[in-house]
Amino acid sequence: MKTTEQHSNVVIRYIFLTVGAVSFALGTAGIVLPMLPTVPFYMLTLFCLARGSERFHRIFLESSLYQKTVGAYERDKALTLRTKLSILLSVSTIMAIGAYFSQDMSIALIVMAFVWIGHVIALVFIVKTKK
């Protein structure tokens, strides 16, 4: 028979695993949808998996999705100019498409403008450029 403490630990692990799975799905969707930030969701995934399952945590750290997004930045604390331009191009393209279909919704246009400006500021002034 499990004690109450053991049972609550199992429940907490499953909560961390569930939150980790949801944040992983949102982070992965953020690769193609610029309104969803990939890196913060992947960092939340990493945090939750570390507390939910050592095995899943290790698998996620070794995954190509993590290595291509967070891992490269984490290692070098910088992105290549090509990566920055690629991010900016995809964000701009998706935002332009969204703006085209949201012409009648001024609040949506304002939100998209702030998100786009945030990306530009982060890529130009905050994230260092790797040579």
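Residue numbers here run from 1 along each chain, matching the order of that chain's written sequence. In keeping with the predicted nature of the model, local features appear solely for residues at pLDDT of at least 70, side-chain atom pairs appear and are counted solely at 80 or more, and the whole-chain, interface and lining totals rest on all residues. Processing note: side-chain calculations cover all non-hydrogen atoms of the structure and skip hydrogens and water entirely.

- As named in an unreviewed UniProt entry, the protein is DUF454 domain-containing protein, taken from Veillonella infantium.

Here's the deal with the layout of surface pockets
- The pocket and cavity definitions rest on a 1 Å grid over protein atoms only: a 1.4 Å probe that fits but cannot leave marks a cavity, an open set with protein on both sides within 12 Å along at least five of seven lines marks a pocket, and residues lining either have an atom within 4 Å of a point. Grid points are joined across faces, edges and corners, and a volume is the space filled by probe spheres set on the points. Counted as a void, the largest pocket has a volume near 930 Å³.
- Only DSSP runs of H or I reaching four residues or more are called helices, and only runs of E reaching two or more are called strands; each is numbered from the N terminus. Considering each element in turn, the lining of the largest pocket owes the most residues, 6 residues, to helix α5 (residues 81-101).

A few points about the UniProt feature "transmembrane region" (unreviewed entry) in the protein
- As annotated by UniProt and renumbered to match this structure, "transmembrane region" (unreviewed entry) occupies residues 12-36 and 107-127.
- As annotated, residues 107-127 has a helix share of 95% and a strand share of 0%, and its two end C-alpha atoms lie 28 Å apart. UniProt positions are given in the numbering used here, feature names are shortened, and annotations may be inferred rather than shown by experiment.

Topic: the packing of helix α2 (residues 38-52) against helix α4 (residues 64-76)
- At their nearest, the axes of α2 and α4 sit 10 Å apart, and the two run at 125 degrees to each other. The orientation of α2 with respect to α4, classified from their angle, is oblique. Here the hand of the crossing between α2 and α4 comes out left-handed. For the pair α2 and α4, contact is made by Thr38, Val39, Tyr42, Met43 and Leu46 and by Leu65, Tyr66, Thr69 and Val70, respectively.
- Partitioned by chemical class, the residues of the contact of α2 with α4 number 7 nonpolar, 2 polar and no charged. Fitted lines through C-alpha atoms serve as axes, helices being fitted only where they are in contact, and the angles separating the N-to-C directions of these axes extend from 0 to 180 degrees. Should an angle lie under 35 degrees it is considered roughly parallel, over 145 roughly antiparallel, and from 65 to 115 roughly perpendicular; all remaining angles are considered oblique. For any pair of crossing helices, the crossing counts as left-handed if the nearer helix is rotated counterclockwise from the farther one by less than a right angle, and right-handed if it is rotated clockwise. Residues count as neighbours in contact if any of their non-hydrogen atoms are within 4.5 Å of one another. Any residue that is not Ala, Val, Leu, Ile, Met, Phe, Trp, Tyr, Cys, Pro, Asp, Glu, Lys or Arg is counted as polar, Gly included; the first ten are nonpolar and the last four charged.

Section: α2
- What a helix is expected to span follows from its residue count: subtract one and scale by 1.5 Å. In this model α2 runs 21 Å from its N-terminal to its C-terminal C-alpha over 15 residues, within 8% of the 21 Å that 1.5 Å per residue would give.
- Any residue under 20% of the maximum accessible area for its type is buried, any over 50% is exposed, and the rest in between are partly exposed; the area is computed with a 1.4 Å probe on protein chains only. Looking at α2, one finds that the buried residues are Thr38, Phe41, Tyr42, Thr45, Leu46, Cys48, Leu49 and Gly52.

Regarding the packing of α2 against helix α3 (residues 54-62)
- Interhelical geometry of α2 versus α3 gives an angle of 150 degrees and a closest axis separation of 7 Å. Judged by the inter-axis angle, α2 sits roughly antiparallel to α3. Of the residues in α3, those touching α2 at Tyr42, Thr45, Leu46, Leu49 and Ala50 are Glu54, Phe56, His57, Phe60 and Leu61.
- A breakdown of the residues in the contact of α2 with α3 according to their chemical character gives 7 nonpolar, 2 polar and 1 charged.

Some remarks on the environment of Ala113
- Counting through the fold element by element, Ala113 comes out in helix α6 (residues 106-126).
- Note on Ala113: relative accessible area 35%, which makes it partly exposed.
- Along the chain, Ala113 and Met95 lie 18 residues apart, while their C-alpha atoms are 8.2 Å from each other.

Overview of the nonpolar core
- Residues belong to a common nonpolar core when they are buried Ala, Val, Leu, Ile, Met, Phe, Trp, Tyr or Cys residues joined through side-chain atoms within 4.5 Å. In terms of nonpolar packing, the biggest core is built from 7 residues, these being Leu17, Tyr42, Leu46, Leu49, Phe60, Tyr66 and Val70.
- Where this core is concerned, the elements lending two or more residues are α2 and α4.
- Among the elements that line this core, the one with the most residues is α2, at 3 residues.
- Those residues within four positions of Leu49 in sequence are excluded, and the remaining contacts are Leu17, Glu54, Phe56, His57 and Phe60.

Considering unusual backbone geometry
- Phi at Lys77 takes a positive value of approximately 55 degrees, unusual for a residue other than glycine.
- Here Lys77 is to be found in the loop between α4 and β1 (78-80).

Let's talk about the side chain of Thr45
- When you line up the elements, Thr45 lands in helix α2.
- We define a polar contact as two N or O atoms separated by no more than 3.5 Å, with the added condition that, inside protein, one atom must be a possible hydrogen donor and the other a possible acceptor, whereas residues neighbouring each other in sequence contribute only through side-chain atom pairs. Separated by 2.6 Å, the side chains of Thr45 and Ser23 make a polar contact.
- At a separation of 2.8 Å, a polar atom in the side chain of Thr45 contacts the main-chain carbonyl oxygen of Phe41.
- Other than its neighbours up to four places away in sequence, Thr45 contacts Gly20, Ser23, Phe24 and Phe60.

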